[in-house]
Amino acid sequence: MTSKLIEQWIRPEIQALSAYHVPDPGNMIKLDAMENPYTWPQSMVDEWQGLLKQTALNRYPDPGSRSLQQQIRSAFDIPTEMAVMLGNGSDEIIQIIAMAVATPERVILAPEPGFVMYNMIARFVGMQYVGVPLNADDFSLDMAAMKAAIAKHRPALIFLAYPNNPTGNLFERAQIEEIIELAPGLVVIDEAYAAFADDSFMSSLGRYPNLLVMRTVSKMGLAGLRLGYLAGPADCLQEFDKIRLPYNINVLTQVSAEFALHHKDVLDEQTTLLRHERARLYQHMTAMNGLTVFPSQANFILFRVADGRATALFEALKSGGVLIKNLANAGGLLQGCLRVTVGKPEENDRFVEVVGEFLGS
Ligand SMILES: *Cc1c(COP(=O)(O)O)cnc(C)c1O
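Residues numbered from 1 in each chain as written. Predicted model: local features only at pLDDT ≥ 70, side-chain atom pairs only at ≥ 80, totals over all residues. Heavy atoms only, no water.

Draft legend 1. Seen up close, the overall build of the protein chain. Along its length, the protein chain carries 13 helices and 13 strands. Over its C-alpha atoms the protein chain spans a radius of gyration of 21 Å, differing by no more than 12% from the 21 Å that the globule rule assigns to 361 residues. Overall, the C-alpha framework of the protein chain stretches about 60 × 55 × 55 Å when taken along its three principal axes. For the protein chain, with 361 residues in total, the buried portion stands at 51%. (Helix = DSSP H or I, 4+ residues; strand = E, 2+ residues; numbered from the N terminus. Rg over C-alpha atoms; globule rule 2.2 N^0.38 Å. Buried < 20%, exposed > 50% of the residue type's maximum accessible area, 1.4 Å probe, protein only.)

Given below as structure tokens:
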């Protein structure tokens, strides 16, 4: 009886989806989800918990998160003339923007392989999704294909992750600018990994009426808080803000994020450590026979395993107590590919050890 109800009323495109799968890491070293592995110094934890003790849970949070917004503006150099909107993770921001433009004929366009939520959220809100393959050799933008797809589909929304997930590279800046100028609709530069990258579009805001920059604090050490931010022209963000649910940033997140950003030097130090570890890990991996390792401007490294052994290596790592991400069966250009998040030195050492044993066997 339930299944008949579902068949009749749940939209077919939702029935056809499979839910976003998150594996249970158990006791494994967790190098699968681009988390920052570091916690805070005890004195900072104590100070934070002191703040939480004074936080009233019986009242609704500030619907505009004004105090946190100010902190974000100054911590991340958001141009003063730009508006800011906060989301319950940047995933929610993607959803809000999509809802604002959604009609059944309209298209969300993004390069592939890319962040899976662009495609999933397009389906959630009843839009079309068009993925445009990147160049196979280095995962750069295939500009001829991008231009053709933009001309053909006239996308309402283009997402460009900068750096891209899961490939880790920065697309060419001039090519992105060309796309922004060509695009009939909005272009969102998704800078989830800004803390680990040497470039950003934040200072380009205002130069183009259709450019938006989206970021998250997840990858810089605050994944548990669920907080993303969008910066862009005020006229655009005013419209999005009508769709944002009034209390989307809960009071614990507001208090905690403001506190954490007040101590941003601690997070920045962790980021610096991880950048060093990324270089060290990359060097170890490129020295191994049987791996093709792709350069990264993010806190993860994508690599291809020769001879169809990617899933075998993924399983060997699991048996060795290390969980990474298996993309080998994702299809498209990711054939034979795995993705490892940069962890603490000893975690990366364990990863390198198991991979070395596997490739040597
Ligand atoms: C992780 C990630 C996000 C989502 O971040 P949340 O703020 O945790 O929702 C968005 N875009 C890209 C490219 C990501 O890798």
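Draft legend 2. Region of the structure containing the sheet that holds strand β5 (residues 157-161). With mixed pairing, 7 strands are arranged side by side in an open sheet as β2-β8-β7-β6-β5-β3-β4. Strand pairing shows two members of the sheet lacking a second neighbour, β2 (83-87) and β4 (128-133), which therefore form its edges. On average, each strand axis in the sheet is inclined to that of its neighbour by 25 degrees, with strand direction left out of account. Taken together, the 5 bridges between β2 and strand β8 (residues 228-232) define a ladder with antiparallel strand orientation. Residue pairing for β8: Met85 is matched across the bridge by Leu230. (Pairing = 2+ DSSP bridges. Axes fitted to C-alpha atoms, helices over the stretch in contact; angles between N-to-C directions.)

Draft legend 3. Spatial organisation of unusual backbone geometry. Put simply, Glu112 and Pro113 share a cis peptide bond, and its omega is 0 degrees. That bond from Asn165 to Pro166 is cis: its omega, 15 degrees, falls within 30 degrees of zero. The topology assignment puts Pro166 in the loop between β5 and α8 (173-182). The phi dihedral of Asp77 falls on the positive side, at around 55 degrees, and the residue is not glycine. With relative accessibility at 62%, the residue Asp77 sits in the exposed group.

Draft legend 4. Spatial organisation of the sheet that holds strand β12 (residues 325-326). In space, the 4 strands of this open sheet follow the order β9-β10-β13-β12, with antiparallel pairing throughout. Among the strands making up the open sheet, the edge pair consists of β9 (291-293) and β12. Pairing of strand β10 (residues 300-305) with strand β13 (residues 337-341) involves 5 bridges; the strand directions are antiparallel. Bridging across to β13, Leu302 finds its partner in Arg339.

Draft legend 5. Structural view of the site of the ligand. Residues in close proximity to the ligand include Gly89, Ser90, Asp91, Phe115, Asn165, Asp190, Ala192, Tyr193, Thr216, Ser218, Lys219 and Arg226, which together make up its full environment. Within the side chain of Tyr193, one N or O atom sits 2.6 Å away from an oxygen atom of the ligand. Within the side chain of Ser218, an N or O atom sits 2.6 Å from an oxygen atom of the ligand. Out of a free accessible area of 390 Å², the ligand has 94% covered by protein chains. Of the residues that constitute the shell around the ligand, the class distribution is 3 nonpolar, 5 polar and 4 charged. (Near = heavy atom within 4 Å. Polar contact = N/O pair within 3.5 Å; in protein donor to acceptor, adjacent residues only side chain to side chain. Areas by Shrake-Rupley, 256 points an atom, 1.4 Å probe, with all protein chains shown as cover. Nonpolar A, V, L, I, M, F, W, Y, C, P; charged D, E, K, R; others polar.)

Draft legend 6. Molecular detail of the environment of Leu359. Relative to the elements of secondary structure, Leu359 occurs in helix α13 (residues 345-360). The spacing of Leu359 and Asn165 is 194 residues in sequence and 26 Å in space, taken between C-alpha atoms. Excluding residues within four positions of it along the chain, Leu359 makes contact with Met288, Asn289, Leu291 and Arg309. (Contact = heavy atoms within 4.5 Å.)

Draft legend 7. Expanded view of the domain arrangement of the protein chain. Looking at the assigned domains, one finds that the protein chain contains domain 1 (2-41 + 265-360) and domain 2 (58-262). A straight line from the C-alpha centre of domain 1 to that of domain 2 covers 23 Å. In this assembly, 27 residues from domain 1 lie in contact with 33 residues from domain 2. Per-residue buried area on domain 1 facing domain 2 is highest for Leu267, Gln297 and Leu333; these three make up 25% of the total on that side. Joining domain 1 to domain 2, the criterion identifies 1 salt bridge. Of all the secondary structure elements, the ones that give two or more residues to the side of domain 1 that touches domain 2 are α2 (12-15), α11 (264-286) and β10. (Domains from an automatic or database assignment. Buried area = accessible area lost by both parts, 1.4 Å probe. Salt bridge = Lys/Arg side-chain N within 4 Å of Asp/Glu carboxyl O.)

Draft legend 8. Looking closely at the packing of helix α7 (residues 143-153) against α8. Put simply, α7 and α8 touch, their axes get as near as 11 Å, and they point 10 degrees apart. In terms of orientation, α7 lies roughly parallel with respect to α8. Judged by residue contacts, Met143, Met146, Lys147 and Ile150 of α7 engage Gln175, Glu178, Ile179 and Leu182 from α8. (Parallel < 35°, antiparallel > 145°, perpendicular 65-115°, else oblique.)

Draft legend 9. Layout of the pattern of salt bridges. Under the defined criterion, the tally for this structure stands at 16 salt bridges. Here Asp32 and Lys30 are joined by a salt bridge, their closest N and O atoms 3.0 Å apart. Given a relative accessible area of 8%, Asp32 falls into the buried group. The shortest N-O distance in the salt bridge between Arg280 and Asp349 comes to 2.9 Å. One end of the pair, Arg280, is in helix α11; the other, Asp349, is in helix α13, and 69 residues separate them in sequence.

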